[in-house]
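Read off the chains here:
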Amino acid sequence: METNAALLELCPEPLDRDVPDHRQHPAQVRLAPLTHPHPHPHPRDRPDFLSTPVPIFVVPMDSAPPGGSGSALSPDSCLGLNGHSRATLDGASRSWLLARLPARVSTAMATATHWELYGTRGLLVVACGEDARQMGFSVESVRPESSAPHTPCEVLTARESRIAAGRPAAERERLITRFWVRKDAAMQAVGRGLSVAPDRIEAGFPTDHGTVTVPCPYGIEVPVSVRNFTFSPSYEFAVATPEPLSLTPSFAYSVR
């Protein structure tokens, strides 16, 4: 899906805020929901639900990070980093990248045995730790209202197309992008990548979280818990975990 150059407006929380210790019961991450909460609480919203936090860093790339060495990463460079992990970058590339990220992020990446990168224009998301291998992430920027309509019919199911068609033009592109990142994250979470046609996956649930069923070989269908997080009006972000794994993202933010 196409992206745009919209500037990021993140929640004003410092990047050096502590990420919860994996051994502790994590605080529930409750950013602004996309719609009204579902009347029946999701299991992860129960106070007695124990889950393992996975550190997630959300880093905009519109300016040089404080303390970074060399030239800063450009907004366009985030696209090239999308889908890379610690294993797919050689030592020199890893060093180059870590030198250009905020210290809190580069320190976490340097000490982690595994990390994964997800990017769209102007934004980089970093998921740290071995548990990130069992999750799927997807982030896309939303085209501005002034852009020409862009409706990738091959992404939507018939039901999702009807839902999108019934929305005002100003909301339609955001909704389509939201459906897409849910499907993309769910496919990544079960290791299917883009091997499944997105229009075979129903992800049009009305709340900020729900279950998406991903078709797999031999007629197997895998249920995946998918949650949207709203940290900017310019982006759609989704995190997916195969059920019933008990993993949850723990966020740290940067506004520079």
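Thresholds applied
Residue positions are given per chain, counted from 1 along the sequence in the order it is written. Restriction of local features to residues with pLDDT of at least 70 applies here, the model being predicted, together with a cutoff of 80 or more for giving and counting side-chain atom pairs; totals for whole chains, interfaces and linings are based on all residues. Note: side-chain values were computed over all heavy atoms of the structure, leaving out hydrogens and water. Each pair of strands is called paired provided DSSP finds at least two bridges between the two strands. For the purposes of this entry, the term helix denotes a DSSP run of H or I that reaches at least four residues, the term strand denotes a run of E that reaches at least two, and both are numbered from the N terminus. Only C-alpha atoms enter the line fits that serve as axes; for helices the fit covers just the stretch in contact. Angles between N-to-C directions range over 0 to 180 degrees. Between the rings of Phe, Tyr and Trp (Trp by its six-membered ring), a pair exists once the centres lie within 6.5 Å; its type follows the angle of the planes, with under 30 degrees stacked, over 60 edge-to-face, and the other angles tilted. For a lysine, the NZ atom is tested; for an arginine, the CZ atom; a charge sits over a ring if that atom is within 6 Å of the ring centre and within 35 degrees of the ring normal. What is meant by a nonpolar core is a set of buried Ala, Val, Leu, Ile, Met, Phe, Trp, Tyr and Cys residues, joined one to another through side-chain atoms within 4.5 Å. Throughout this description, buried means an accessible area under 20% of the type-specific maximum (1.4 Å probe, protein chains only), exposed means over 50%, and partly exposed covers the range between. Throughout, a residue-residue contact means that at least one pair of heavy atoms, one from each residue, lies within 4.5 Å. Here is the rule for angles: anything less than 35 degrees is roughly parallel, anything more than 145 is roughly antiparallel, 65 through 115 is roughly perpendicular, and the remaining ranges are oblique. By definition, any crossing whose near helix is turned counterclockwise from its far helix by less than a right angle is left-handed, and any crossing with a clockwise turn is right-handed. Here the term charged refers only to Asp, Glu, Lys and Arg, the term nonpolar to Ala, Val, Leu, Ile, Met, Phe, Trp, Tyr, Cys and Pro, and the term polar to all other amino acids, Gly among them.

**Q** Residue-level account of the sheet that holds strand E7 (residues 235–242), with values.
**A** Sheet architecture is open: four strands sit in the order E4-E7-E6-E5, paired in antiparallel fashion. Every interior strand has two partners, whereas the edge strands, strand E4 (136–141) and strand E5 (209–215), have only one. For this sheet the average axis-to-axis angle between neighbouring strands, irrespective of direction, equals 30°. With six bridges joining them, E4 and E7 adopt antiparallel strand pairing.

**Q** Go over the packing of aromatic side chains with me, naming the residues and quoting the values.
**A** The full count for this structure, using the stated rule, is one aromatic pair. An angle of 45° between the planes, with centres 5.1 Å apart, marks the rings of Tyr-118 and Phe-137 as tilted. Highlighted residues: Tyr-118 in strand E2 (residues 115–120) and Phe-137 in strand E4, separated in sequence by 19 residues. Its guanidinium or amino end placed over the ring of Phe-205, Arg-182 lies 3.7 Å from that ring's centre, counting from NZ or CZ.

**Q** Now, about the nonpolar core: what can you tell me, with residues and values included?
**A** Judged by nonpolar contacts, the single largest core of 22 residues is most densely connected at Val-212, Val-214, Val-224 and Val-226. Elements with a contribution of two residues or more to this core: helix H5 (169–189), E5, strand E6 (221–229) and E7. Apart from the residues within four sequence positions on either side, Val-224 is in contact with Ala-186, Ala-189, Val-190, Gly-210, Thr-211, Val-212, Val-214, Ala-240, Thr-241, Pro-242 and Glu-243.

**Q** Could you give an account of the environment of Gln-134, with specific residues and numbers?
**A** Position of Gln-134 among the secondary structure elements: in the loop between strand E3 (123–128) and E4. A relative accessible area of 32% means that Gln-134 is categorised as partly exposed. The residues touching Gln-134, leaving out its near neighbours within four places in the chain, are Ala-189, Ala-240, Thr-241, Pro-242, Leu-245 and Leu-247.

**Q** I'd like a rundown of the packing of helix H4 (residues 158–165) against H5, residues and numbers included.
**A** Running from N to C, H4 and H5 cross one another at 155°; their axes reach a closest spacing of 9 Å. Viewed along their axes, H4 and H5 adopt a mutual orientation that is roughly antiparallel. The chirality of how H4 crosses H5 is right-handed. Of H5, the residues touching H4 (which contributes Glu-160, Ile-163, Ala-164 and Ala-165) are Arg-172, Leu-175, Ile-176, Phe-179 and Lys-183. Counted by class, the contact of H4 with H5 contains six nonpolar, no polar and three charged residues.

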